[in-house]
Amino acid sequence: MAAFHVMTGASESLARPVVNRIGIADVFDALKRGLDDFKEKPSHYVFLCLMYPIAGIFLTLWTSGANLLPMVFPLMSGFVLIGPIAAIGLYEISRRREEGLDTSWTHALEVRHSPALPSIVAVGLMLFALFVVWLVTAQTLYTNLLGEVFPRSMTDFTRQVFGTAGGLQLIIWGNLIGFGFALVVLAISVITFPLLLDRDVGAVAAVVTSIRATVANPVPVLLWGLIVAALLVIGTIPVFAGLALVIPILGHATWHLYRKLVAREIA
């Protein structure tokens, strides 16, 4: 029965929420509304999202110290694949603000009481699996092009990547493959978690709805993905610290993008 609930949610049949068509202006309006949510009470949002830059710094130091420099970029870029998981609590805060409820940071933890929690966990595991596949793919590509001996310093790594023919192929193919992974994750998760928090429709219905929304709005959703990627890159520049601001704003904005992409449920 638990597996069935993950498939269809509270209903006995597969839900099919109505998908709206939106424009580019709606994407920027969602971003503006996300910024408004953040400005209402930003201190605790920064606190909640400090784990993101801290994790980034830790992973970078770990890979550097363990002579795994080639994995630094895949790990950093892979954050985009699991970013929707990190922002679940922020979707809940935006939902509560929309309904005029208390938005204290402790309510971000109330996601654990959601009836859709099994579905949220299932989708989260799927995204984490894609993250692992991406890391394995990146490492395999590196060893096939540049060999199994990893560089011992950042200087050697930079020379290897930018000063050899294999390094040029690594840059081209690595970015193309990474873009493919990002597109897949964008399509299956752009509004999946907000939808599950709003309605217990089940993991399958939520993912299918996200894909339908992407197919119906390819330009706005792709623009949203580019905005997310650009802001995440900007956030990593000051030693990842900027992510503590970028992540909450994007998290809130994602909730408002969901509201625009999926029609409200008729009572």
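Residues numbered from 1 in each chain as written. Predicted model: local features only at pLDDT ≥ 70, side-chain atom pairs only at ≥ 80, totals over all residues. Heavy atoms only, no water.

Student: Teacher, can you tell me more about the pattern of salt bridges here?
Tutor: Should their charged atoms come close, side chains of opposite charge can pair. Inspection of every chain in the model, using the stated rule, returns 12 salt bridges. A salt bridge links Glu 98 to Arg 264; its shortest N-O distance comes to 3.6 Å. A residue pair is termed long-range when its members are at least 10 positions apart, and Glu 98 in helix α6 (residues 88-98) and Arg 264 in the segment after α13 (243-261) qualify at 166 residues. Residues joined by salt bridges that share partners form a network here, namely Glu 98, Asp 198, Arg 199, Arg 259 and Arg 264. (Salt bridge = Lys/Arg side-chain N within 4 Å of Asp/Glu carboxyl O. Helix = DSSP H or I, 4+ residues; strand = E, 2+ residues; numbered from the N terminus.)

Student: Even after reading the chapter, I still don't get the packing of aromatic side chains, so can you show me in this structure?
Tutor: For any pair of aromatic rings, the description rests on two quantities: the centre-to-centre distance and the angle between the ring planes. Per the counting criterion, the structure on display carries three aromatic pairs. With centroids separated by 6.2 Å and ring planes inclined at 45 degrees, the aromatic side chains of Phe 128 and Phe 131 adopt a geometry described as tilted. Of this pair, Phe 128 and Phe 131 both sit in helix α7 (residues 117-146), separated by three residues, roughly a single helical turn. For Phe 131, a relative accessible area of 8% translates into the label buried. On the basis of an interplanar angle of 55 degrees and a centroid distance of 5.3 Å, the ring pair of Trp 255 and Tyr 258 is categorised as tilted. Here Trp 255 pairs with Tyr 258, and both are found in helix α13, just three residues apart, close to one helical turn. Here Trp 255 matches Tyr 258 in class, with each residue buried. (Phe/Tyr/Trp six-rings, centres within 6.5 Å; stacked < 30°, edge-to-face > 60°. Buried < 20%, exposed > 50% of the residue type's maximum accessible area, 1.4 Å probe, protein only.)

Student: Got a minute to help me understand the nonpolar core in this structure?
Tutor: Nonpolar side chains tend to gather and get buried jointly when the protein is soluble and globular. Trp 224, Leu 257 and Leu 261 are the most contacted members of the largest nonpolar core, which has 55 residues in total. Per element, the largest residue contribution to this core is nine residues, and it comes from α13. With residues up to four places along the chain from it excluded, the contact list for Trp 224 reads Val 27, Leu 31, Leu 186, Val 190, Leu 250, Ala 253, Thr 254 and Leu 257. Among the nonpolar cores identified, the runner-up in size contains seven residues, and Leu 141, Leu 146, Val 161 and Leu 170 belong to it. (Core = buried A, V, L, I, M, F, W, Y, C linked by side-chain atoms within 4.5 Å. Contact = heavy atoms within 4.5 Å.)

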